[in-house]
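# Overview (structure and organization)
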Amino acid sequence: QVQLVESGGGLAQSGGSLKLSCAASGNIRSCITMGWYRQAPGKQRELVAEIIGSVTFDYGDSVKGRFTISKDNAKNTVNLQMNNLKPEDTAVYYCKCSQVGANNWGKGTLVTVSS
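Definitions and cut-offs
- Along each chain, residue indices are assigned from 1 in the same order as the chain's sequence is written.
- The model is predicted, so local features are restricted to residues of pLDDT at least 70 and side-chain atom pairs to those at 80 or more, both for listing and for counting; the totals for chains, interfaces and linings are taken over all residues.
- Just so you know, side-chain values use all the structure's heavy atoms and leave hydrogens and water out.
- The term nonpolar core refers to a set of buried residues drawn from Ala, Val, Leu, Ile, Met, Phe, Trp, Tyr and Cys, joined through side-chain atoms within 4.5 Å.
- To sort residues, take the accessible area from a 1.4 Å probe on protein chains only and compare it with the maximum for the residue type: under 20% means buried, over 50% means exposed, and anything in between is partly exposed.
- For helices the rule is a DSSP run of H or I covering at least 4 residues; for strands it is a run of E covering at least 2, with both sets numbered from the N terminus onward.
- Whenever Lys or Arg places a side-chain nitrogen within 4 Å of a carboxyl oxygen from Asp or Glu, that contact is recorded as a salt bridge.

### Side note on the nonpolar core
Judged by nonpolar contacts, the single largest core of 29 residues is most densely connected at Trp-36, Leu-80, Met-82 and Tyr-93. Of all the elements in the fold, those that place two or more residues in this core are β3 (18-25), β4 (33-39), β5 (46-52), β7 (67-72), β8 (77-82), β9 (91-99) and β11 (109-114).

Dropping the structure here:
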């Protein structure tokens, strides 16, 4: 089992940047996929970005060209660099690790972007 803790959320202005980090207890190398999802009030949880295996990246259409996902195996973290933020990015962001037989989720970190 992998436990995940997100950090880095907060308040940003439109056009600004934030970096989210997901720290894991347990080795993230055991995750078949790792990624970030988000959920805004009244909306479904949606894919932000995922790393499939080690080299394949998948981004949600609304964040392509603005967000970048990365893994740091030495620090056992997965990061999300968010640039050119928009008010529509306001949501709770969740880290996910998919293993054989289990999906592991963090508790989430709130990102608020002002217009």
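### Points about the pattern of salt bridges
The tally for this structure, following the rule as stated, stands at four salt bridges. Linking Lys-64 and Asp-61 is a salt bridge whose minimum nitrogen-to-oxygen distance equals 3.1 Å. Between Asp-89 and Arg-66 there is a salt bridge, and its shortest N-O distance comes to 2.8 Å. Of the two residues, Asp-89 is situated in the loop between β8 and β9 and Arg-66 in the loop between β6 (56-59) and β7; the sequence distance between them amounts to 23 residues. Assigned by exposure class, Asp-89 and Arg-66 land together as buried. Linked by salt bridges that have partners in common, Arg-38, Glu-46, Arg-66 and Asp-89 make up one network.

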